[in-house]
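Structure at a glance
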Amino acid sequence: MALKDAKTGTRNEAGIAAALGVLKQSFGERFQTGQAFRAQHAHTTTYIPAQLPDGVLLAEGSDDVKAAVKICAEHKVPVIGFGTGSSLEGQVNAPNGGISIDFSRMNRILEVNAEDLDCTVEPGVTREELNTYLRDTGLFFPIDPGANASIGGMTSTRASGTNAVRYGTMKDNVLAVTAVTATGEEIRTARRARKSSAGYDMTRLFVGAEGTLGILTSVTLRLQGIPQKIGGGVCAFPTVRAACDAVIMTIQMGIPVARIELLDALQIRACNAYSKLSYEEKPTLFLEFHGTDETVALQSEEFAEIAAECGGGKFSWTVNADERSKLWKARHDAYWASRALAPEMAALSTDVCVPISRLADCIGETQADIEEHGLLAMIVGHAGDGNFHVLLLFDDKTEEGIAVAEAFVGRLNARALAMDGTCTGEHGIGQGKMAFLEEELGGTVDLMRQVKKALDPDDIFNPGKIFHRA
């Protein structure tokens, strides 16, 4: 991560002024230009400075999006989509100015096809809203990034989370999108069929594009049946390597674990203090199994045997919904628990992903790095797919403190890439990881630039993200 990549770009002052006037005339009070309102639609979740848009449109439907994009395209003004603002790498900043399209009012669930296990929603629907709506159908949407993010944002950043080891990531669960292109026209990338060989896979092009190719107006999602029984539990291990060995054996034996999360000892200490728990302060795995009474019990017993073989302690598990909720509430509160250890310090949440066979090596070397440099940082891993997060607490008030944080992130990403991993498993590139994308993919980034230029020749869609235009 480097602040130099969050630089302010060239502003089209005349175009912005003209577009603001037309947008205000077209949308009235639904187009806001007040300072406080604009500040709510810029980046606030890490030390990357906020870069405010010049105006915010509260879109109420796809017609609003098409009209706004046409106006902005005519005047060559940037357009940035905004869901809940929970992205972590500066994705919603406006480095070149422009307008933010807020999707909080585009939160309708358009269609649920229970027989086909799919649904279509507007981009402003949050994952919690969707699952509340689906509850009576016996279906649920499994992607859980922790934050109550919007479906549009999750699609744009190719999010995943705790359930990814069983249900995959957003790329596996988005069947189609509709998007407004640089001409102001709305396109549909696919139908609802579960597979297709019809042309380029345009859906996957938009999934993970971080709003740089167009503005999403609807997303069609794959759904899952709510399991008859869900079991969850925790198990402490003497070392991170022992815990990772248990994860590898679990995956290799084909045990269909739904969630398998790794928290290091410091993170457990933080969770104990914040959530009033009493777990052993050791590297710990949090697990969840989905199935029937019989299969959940069998899978839990199988994991307990693996844990014992790897030197783990007792695997305490339950099918009681309240107890499971408390367990996963503690896991999802890990960020706030970590912040509470040093509330006067800033927090930087970053992630990498490596082949699962290298997870123990990567985490072990990272912990050694943290100790060697006297840093305060906790590790939480989506261990089942080799993805882990580091929450670094640091002084963001001084250049020295920021330099220390950036140097650590640089070493972490270099370590992951050396192990044939990636600089981000689920946070995306945004502004914060541009340099690492170049290191990871080399000339492939030039191909991305060509795609961007072909679909967005005037660079109006979320400029200054993923890569800089050549």
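Residues numbered from 1 in each chain as written. Predicted model: local features only at pLDDT ≥ 70, side-chain atom pairs only at ≥ 80, totals over all residues. Heavy atoms only, no water.

**Let's talk about the UniProt feature "domain: FAD-binding PCMH-type" (unreviewed entry) in the chain**
This chain's UniProt record puts "domain: FAD-binding PCMH-type" (unreviewed entry) on residues 49–226. The span residues 49–226 is 24% helix and 24% strand, and its two end C-alpha atoms sit 41 Å from each other. (UniProt positions renumbered as here; feature names shortened; annotations may be inferred. Helix = DSSP H or I, 4+ residues; strand = E, 2+ residues; numbered from the N terminus.)

**Considering the sheet that holds strand E2 (residues 55–58)**
Spatial strand order, E1-E2-E4-E3: four strands in an open sheet with mixed pairing. Each edge of the open sheet is held by one strand with a lone partner, namely strand E1 (31–32) and strand E3 (79–82). As defined by bridge partners, E3 adjoins strand E4 (residues 99–102) across four bridges and the pair is classed as parallel. By the bridge assignment for E4, Ile80 is matched with Ser100. On the sheet, helix H3 (residues 62–75) packs against E2, E3 and E4 and is oriented at approximately 175 degrees with respect to E4. (Pairing = 2+ DSSP bridges. Contact = heavy atoms within 4.5 Å. Axes fitted to C-alpha atoms, helices over the stretch in contact; angles between N-to-C directions.)

**Considerations on the layout of surface pockets**
Space inside the second largest pocket adds up to approximately 750 Å³. What lines the second largest pocket is a set of 37 residues, among which Arg158, Val207, Gly208, Ala209 and Met448 lie closest to the centre. Mapped onto the lining of the second largest pocket, the elements with two or more residues apiece are helix H5 (151–157), helix H7 (170–173), helix H8 (202–206), helix H16 (434–441) and helix H17 (444–455). Here the lining of the second largest pocket gets five residues from one element, more than from any other, and that element is H17. (1 Å grid on protein atoms, 1.4 Å probe; cavity = no way out; pocket = protein on both sides within 12 Å on 5 of 7 lines; lining within 4 Å. Points joined across faces, edges and corners; volume = space filled by probe spheres on them.)

**What to know about the packing of aromatic side chains**
Tallying each qualifying case throughout the model produces six aromatic pairs. Summarising the aromatic geometry, the rings of Phe289 and Phe315 are spaced 6.5 Å apart at their centres and angled 80 degrees between planes, so their arrangement reads as edge-to-face. Of this pair, Phe289 sits in strand E14 (residues 284–291) while Phe315 sits in the loop between helix H11 (293–309) and strand E15 (316–318); the two residues are 26 residues apart in sequence, bridging distant segments of the chain. Assigned by exposure class, Phe289 and Phe315 land together as buried. Three or more aromatic residues joined by ring pairs make a cluster, and in this case those are Tyr279, Phe286 and Trp328. Arg259 extends its terminal NZ or CZ atom over the ring of Trp328, reaching a point 4.6 Å from the ring centre. (Phe/Tyr/Trp six-rings, centres within 6.5 Å; stacked < 30°, edge-to-face > 60°. Buried < 20%, exposed > 50% of the residue type's maximum accessible area, 1.4 Å probe, protein only. Lys NZ or Arg CZ within 6 Å of the ring centre and 35° of its normal.)

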